[in-house]
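Overview (structure and organization)
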Amino acid sequence: MFRTQLSVNLNKVALLRNSRDGNWPDPVFFGRIALEAGASGLTVHPRPDERHIRASDVPALSGLVKTYPGREYNIEGNPFHNLMTHLEAVRPHQATFVPDSTDQKTSDHGFDLADETVCESVRPLIEAAQSWGCRVSLFMDPVPELMAKAKALGADRVELYTEGWAQAYGTDQEATVLAQYAASVRAARAAGLEVNAGHDLSLDNLETFLKACTGISEVSIGHALIAEALQYGLHKTVRHYKAILDRTAQ
(Lines give C-alpha, C1' and ligand atoms only; values in the text may rest on other atoms or scores of the structure.)
Protein backbone atom coordinates (compact mmCIF):
# COMPACT_ATOMS: atom_id res chain seq x y z
CA MET A 1 0.00 0.00 0.00
CA PHE A 2 1.29 3.47 -0.94
CA ARG A 3 0.81 6.07 1.79
CA THR A 4 1.88 9.71 1.76
CA GLN A 5 4.14 10.67 4.66
CA LEU A 6 3.84 13.83 6.79
CA SER A 7 6.81 16.02 7.64
CA VAL A 8 5.99 18.74 10.17
CA ASN A 9 7.63 22.08 9.45
CA LEU A 10 8.66 23.80 12.69
CA ASN A 11 9.47 27.25 11.32
CA LYS A 12 6.44 28.93 12.90
CA VAL A 13 7.20 27.46 16.32
CA ALA A 14 10.63 29.08 16.05
CA LEU A 15 9.10 32.34 14.79
CA LEU A 16 6.98 32.58 17.94
CA ARG A 17 10.03 31.71 20.07
CA ASN A 18 12.03 34.50 18.44
CA SER A 19 9.45 37.15 19.35
CA ARG A 20 10.89 37.05 22.88
CA ASP A 21 14.28 36.41 24.43
CA GLY A 22 15.02 32.84 25.41
CA ASN A 23 14.11 29.51 23.83
CA TRP A 24 10.40 29.08 24.42
CA PRO A 25 8.49 27.67 22.68
CA ASP A 26 11.37 25.29 22.01
CA PRO A 27 11.27 23.71 18.51
CA VAL A 28 12.82 20.52 19.91
CA PHE A 29 10.07 20.19 22.52
CA PHE A 30 7.33 20.59 19.94
CA GLY A 31 9.18 18.49 17.39
CA ARG A 32 9.06 15.65 19.90
CA ILE A 33 5.29 16.07 20.28
CA ALA A 34 4.88 15.87 16.49
CA LEU A 35 6.98 12.71 16.30
CA GLU A 36 5.17 11.13 19.24
CA ALA A 37 1.88 11.86 17.45
CA GLY A 38 3.13 9.92 14.45
CA ALA A 39 4.70 12.45 12.10
CA SER A 40 7.08 10.76 9.69
CA GLY A 41 9.64 13.51 10.02
CA LEU A 42 10.49 17.13 10.72
CA THR A 43 11.31 19.97 8.34
CA VAL A 44 13.19 23.21 8.96
CA HIS A 45 14.17 26.12 6.71
CA PRO A 46 17.11 27.90 8.36
CA ARG A 47 17.23 31.22 6.50
CA PRO A 48 20.38 33.37 6.73
CA ASP A 49 18.64 36.03 8.85
CA GLU A 50 17.46 33.40 11.39
CA ARG A 51 14.01 34.96 11.41
CA HIS A 52 12.67 31.65 12.73
CA ILE A 53 14.92 28.58 12.72
CA ARG A 54 18.34 29.43 14.14
CA ALA A 55 21.59 27.75 13.18
CA SER A 56 21.69 26.22 16.66
CA ASP A 57 18.27 24.58 16.12
CA VAL A 58 19.52 22.57 13.15
CA PRO A 59 21.82 20.12 15.00
CA ALA A 60 19.51 20.03 18.02
CA LEU A 61 16.61 18.81 15.87
CA SER A 62 18.90 16.38 14.06
CA GLY A 63 19.71 14.84 17.41
CA LEU A 64 16.01 14.57 18.22
CA VAL A 65 15.10 12.82 14.96
CA LYS A 66 17.92 10.31 15.46
CA THR A 67 16.18 9.08 18.60
CA TYR A 68 13.17 8.05 16.48
CA PRO A 69 14.34 5.28 14.11
CA GLY A 70 12.65 5.39 10.74
CA ARG A 71 11.77 9.09 10.94
CA GLU A 72 13.37 11.64 8.62
CA TYR A 73 14.94 15.06 8.90
CA ASN A 74 14.43 17.46 5.98
CA ILE A 75 16.40 20.69 5.73
CA GLU A 76 15.19 23.10 3.07
CA GLY A 77 16.66 26.33 1.83
CA ASN A 78 18.52 28.11 -0.91
CA PRO A 79 21.68 26.17 -1.82
CA PHE A 80 23.33 29.43 -2.90
CA HIS A 81 22.91 30.92 0.58
CA ASN A 82 23.55 28.95 3.77
CA LEU A 83 21.92 25.58 3.06
CA MET A 84 25.02 23.66 2.00
CA THR A 85 26.83 24.45 5.25
CA HIS A 86 24.00 22.91 7.23
CA LEU A 87 23.82 19.87 4.97
CA GLU A 88 27.51 19.11 5.28
CA ALA A 89 27.45 19.50 9.06
CA VAL A 90 24.25 17.58 9.82
CA ARG A 91 23.78 15.18 6.85
CA PRO A 92 19.95 15.07 6.97
CA HIS A 93 17.94 12.40 5.19
CA GLN A 94 16.62 14.95 2.70
CA ALA A 95 17.73 18.31 1.36
CA THR A 96 15.07 20.41 -0.34
CA PHE A 97 16.56 23.09 -2.59
CA VAL A 98 14.41 26.24 -2.68
CA PRO A 99 15.22 29.29 -4.86
CA ASP A 100 14.07 31.94 -2.38
CA SER A 101 15.69 35.33 -1.94
CA THR A 102 16.81 36.68 1.42
CA ASP A 103 14.06 39.30 1.55
CA GLN A 104 11.09 37.01 0.81
CA LYS A 105 8.51 36.48 3.55
CA THR A 106 8.17 32.89 2.40
CA SER A 107 9.02 30.72 -0.59
CA ASP A 108 6.87 31.74 -3.55
CA HIS A 109 8.21 29.98 -6.67
CA GLY A 110 10.14 26.96 -7.83
CA PHE A 111 13.29 26.57 -9.87
CA ASP A 112 13.00 27.64 -13.51
CA LEU A 113 14.73 24.69 -15.13
CA ALA A 114 13.92 26.08 -18.58
CA ASP A 115 16.92 28.33 -17.89
CA GLU A 116 20.10 26.38 -18.65
CA THR A 117 22.14 28.73 -16.47
CA VAL A 118 20.02 27.72 -13.50
CA CYS A 119 20.43 24.06 -14.36
CA GLU A 120 24.21 24.19 -14.60
CA SER A 121 24.54 26.13 -11.35
CA VAL A 122 22.33 23.69 -9.44
CA ARG A 123 23.81 20.45 -10.80
CA PRO A 124 27.09 20.43 -8.78
CA LEU A 125 25.22 21.36 -5.60
CA ILE A 126 22.91 18.38 -6.04
CA GLU A 127 25.97 16.17 -6.42
CA ALA A 128 27.58 17.65 -3.30
CA ALA A 129 24.47 17.11 -1.16
CA GLN A 130 24.14 13.54 -2.38
CA SER A 131 27.81 12.90 -1.55
CA TRP A 132 26.89 13.75 2.06
CA GLY A 133 24.13 11.13 2.01
CA CYS A 134 21.21 13.50 1.42
CA ARG A 135 18.30 12.71 -0.87
CA VAL A 136 17.78 15.88 -2.93
CA SER A 137 14.39 17.37 -3.76
CA LEU A 138 13.98 20.44 -5.98
CA PHE A 139 11.19 22.90 -5.19
CA MET A 140 9.22 23.22 -8.44
CA ASP A 141 6.16 24.91 -9.86
CA PRO A 142 3.59 22.50 -11.34
CA VAL A 143 4.95 22.56 -14.88
CA PRO A 144 4.84 19.00 -16.25
CA GLU A 145 7.37 19.56 -19.02
CA LEU A 146 10.10 20.58 -16.54
CA MET A 147 9.94 17.45 -14.42
CA ALA A 148 12.23 15.41 -16.68
CA LYS A 149 14.81 18.21 -16.49
CA ALA A 150 14.93 17.84 -12.72
CA LYS A 151 15.68 14.16 -13.18
CA ALA A 152 18.36 14.93 -15.76
CA LEU A 153 20.10 17.17 -13.22
CA GLY A 154 20.33 14.23 -10.82
CA ALA A 155 17.56 15.18 -8.38
CA ASP A 156 15.90 12.34 -6.48
CA ARG A 157 12.59 14.12 -5.95
CA VAL A 158 10.71 17.30 -6.70
CA GLU A 159 8.55 19.17 -4.23
CA LEU A 160 5.58 20.79 -5.91
CA TYR A 161 4.86 24.33 -4.70
CA THR A 162 1.20 24.13 -3.75
CA GLU A 163 0.17 27.71 -2.97
CA GLY A 164 -1.58 27.79 -6.35
CA TRP A 165 -3.71 24.85 -5.28
CA ALA A 166 -4.52 26.42 -1.91
CA GLN A 167 -5.67 29.63 -3.59
CA ALA A 168 -7.80 27.76 -6.13
CA TYR A 169 -9.43 25.40 -3.63
CA GLY A 170 -13.14 26.10 -3.33
CA THR A 171 -13.20 28.41 -6.37
CA ASP A 172 -14.28 27.88 -9.97
CA GLN A 173 -10.59 27.36 -10.83
CA GLU A 174 -10.22 24.35 -8.54
CA ALA A 175 -10.61 21.60 -11.17
CA THR A 176 -8.32 23.29 -13.70
CA VAL A 177 -5.55 23.93 -11.20
CA LEU A 178 -5.85 20.47 -9.69
CA ALA A 179 -5.49 18.90 -13.13
CA GLN A 180 -2.24 20.83 -13.62
CA TYR A 181 -0.82 19.44 -10.39
CA ALA A 182 -1.96 15.91 -11.20
CA ALA A 183 -0.29 16.14 -14.61
CA SER A 184 2.92 17.34 -12.95
CA VAL A 185 2.91 14.38 -10.57
CA ARG A 186 2.44 11.96 -13.45
CA ALA A 187 5.23 13.59 -15.44
CA ALA A 188 7.62 13.51 -12.50
CA ARG A 189 6.93 9.88 -11.72
CA ALA A 190 7.23 8.95 -15.41
CA ALA A 191 10.68 10.59 -15.38
CA GLY A 192 11.70 8.43 -12.43
CA LEU A 193 11.31 11.01 -9.67
CA GLU A 194 9.49 10.73 -6.38
CA VAL A 195 7.20 13.64 -5.60
CA ASN A 196 6.74 15.75 -2.48
CA ALA A 197 4.36 18.68 -2.03
CA GLY A 198 4.17 21.66 0.25
CA HIS A 199 3.08 25.24 0.91
CA ASP A 200 -0.33 26.22 2.28
CA LEU A 201 -1.62 22.67 2.44
CA SER A 202 -4.10 22.34 5.29
CA LEU A 203 -6.66 20.10 6.93
CA ASP A 204 -9.25 21.68 4.61
CA ASN A 205 -7.55 21.20 1.24
CA LEU A 206 -5.15 18.26 1.64
CA GLU A 207 -7.52 15.34 1.12
CA THR A 208 -8.91 16.63 -2.17
CA PHE A 209 -5.37 17.26 -3.38
CA LEU A 210 -4.08 13.78 -2.53
CA LYS A 211 -7.08 12.01 -4.03
CA ALA A 212 -6.42 13.72 -7.36
CA CYS A 213 -2.61 13.70 -7.22
CA THR A 214 -1.91 10.06 -6.52
CA GLY A 215 1.65 9.05 -5.79
CA ILE A 216 2.76 11.90 -3.51
CA SER A 217 5.53 10.54 -1.29
CA GLU A 218 5.55 13.31 1.31
CA VAL A 219 3.82 16.51 2.27
CA SER A 220 5.66 19.12 4.31
CA ILE A 221 3.23 21.28 6.28
CA GLY A 222 3.99 24.05 8.72
CA HIS A 223 2.07 27.33 8.60
CA ALA A 224 -1.42 25.83 8.49
CA LEU A 225 -0.55 22.96 10.81
CA ILE A 226 0.82 25.22 13.54
CA ALA A 227 -2.17 27.55 13.18
CA GLU A 228 -4.54 24.56 13.42
CA ALA A 229 -2.62 23.43 16.51
CA LEU A 230 -3.80 26.59 18.26
CA GLN A 231 -7.32 25.21 17.84
CA TYR A 232 -6.80 21.48 18.37
CA GLY A 233 -3.42 21.14 20.06
CA LEU A 234 -0.34 19.91 18.20
CA HIS A 235 -0.69 16.21 19.00
CA LYS A 236 -4.31 16.08 17.90
CA THR A 237 -3.61 18.16 14.78
CA VAL A 238 -0.92 15.72 13.64
CA ARG A 239 -3.37 12.87 14.26
CA HIS A 240 -5.97 14.66 12.10
CA TYR A 241 -3.44 14.82 9.27
CA LYS A 242 -2.55 11.17 9.74
CA ALA A 243 -6.23 10.29 9.38
CA ILE A 244 -6.30 12.07 6.01
CA LEU A 245 -3.19 10.19 4.91
CA ASP A 246 -4.82 6.94 5.98
CA ARG A 247 -7.97 7.70 3.97
CA THR A 248 -5.99 8.57 0.85
CA ALA A 249 -3.59 5.61 0.98
CA GLN A 250 -3.67 3.57 -2.22
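I will try to describe carefully the structure that is included in this document. (Residues numbered from 1 in each chain as written. Predicted model: local features only at pLDDT ≥ 70, side-chain atom pairs only at ≥ 80, totals over all residues. Heavy atoms only, no water.)

Topic: the pairing of strand β3 (residues 72–77)
Filter applied, for reference: The rule is simple: take the accessible area with a 1.4 Å probe, protein chains only, and divide by the maximum for that residue type; under 20% is buried, over 50% is exposed, in between is partly exposed. Each helix corresponds to a stretch of at least 4 residues labelled H or I by DSSP, and each strand to a stretch of at least 2 residues labelled E; elements are numbered beginning at the N terminus. Criterion used throughout: strands pair if DSSP finds at least two bridges between them. Call a crossover right-handed when, viewed with both strands pointing away from you, the route from the first strand across the helix to the second goes clockwise.
Counting buried residues along β3, 5 of its 6 residues qualify, which places the element largely inside the surrounding structure. The pairing of strand β2 (residues 41–44) with β3 spans 4 bridges and is parallel. Bridge assignment links T43 to a residue of β3, and that residue is N74. Of the crossover connections in this fold, the one passing from β2 over helix α3 (residues 57–66) to the parallel β3 is right-handed. Looking at chain direction, β3 and strand β4 (residues 94–97) are connected through 4 bridges and run parallel. Within the sheet, the bridge partner assigned to N74 lies in β4 and is Q94. In this view, the connection linking β3 to its parallel neighbour β4 by way of helix α4 (residues 83–90) has right-handed handedness.

A look at the sheet that holds β3
The strands that make up a sheet are held in pairs by hydrogen bonds between backbone atoms, and each pair lies either parallel or antiparallel. We count it as follows: Axis definition: a line fit to C-alpha positions, over the contact stretch in the case of helices; interaxial angles, taken between N-to-C directions, run 0 to 180 degrees. When checking whether two residues touch, look at their non-hydrogen atoms; a contact exists if any pair is within 4.5 Å.
An order of β1-β2-β3-β4-β5-β6-β7-β8 is seen for the 8 strands of this closed barrel, with the pairing classed as parallel. On average, adjacent strands in this sheet sit at an angle of 25° to one another, irrespective of strand direction. Two elements, strand β1 (residues 5–9) and β2, share 3 bridges in a ladder whose sense is parallel. Counterpart to N9 in the pairing with β2 is T43. On top of the sheet, helix α5 (residues 116–131) reaches β4 and β5 (135–140); it is set at about 145° to β5, its chief contact. Against the sheet, helix α11 (residues 234–247) touches β1 and β8 (216–221), its axis set at about 155° to β1.

Digging into the environment of L210
Checked against the element boundaries, L210 lands in helix α9 (residues 206–212). In sequence terms L210 and A249 are 39 residues apart; their C-alpha atoms lie 8.9 Å from each other. In this structure L210 touches T4, I216, V219, L245, T248 and Q250, once residues within four positions along its chain are discounted.

Quick look at the packing of helix α2 (residues 27–36) against α3
For clarity, the cut-off: Angles below 35 degrees are treated as roughly parallel, those above 145 as roughly antiparallel, those between 65 and 115 as roughly perpendicular, and all remaining angles as oblique. By convention the crossing between two helices is left-handed if the near helix lies anticlockwise of the far one by an angle smaller than a right angle, and right-handed if it lies clockwise.
Orientation of α2 relative to α3, taken along the N-to-C sense of each, is 30°, at an axis distance of 10 Å. The orientation of α2 relative to α3 falls into the category roughly parallel. You can see that α2 and α3 cross each other, and the crossing is right-handed. Of the residues in α3, those touching α2 at P27, V28, G31, R32 and L35 are D57, A60, L61, L64 and V65.

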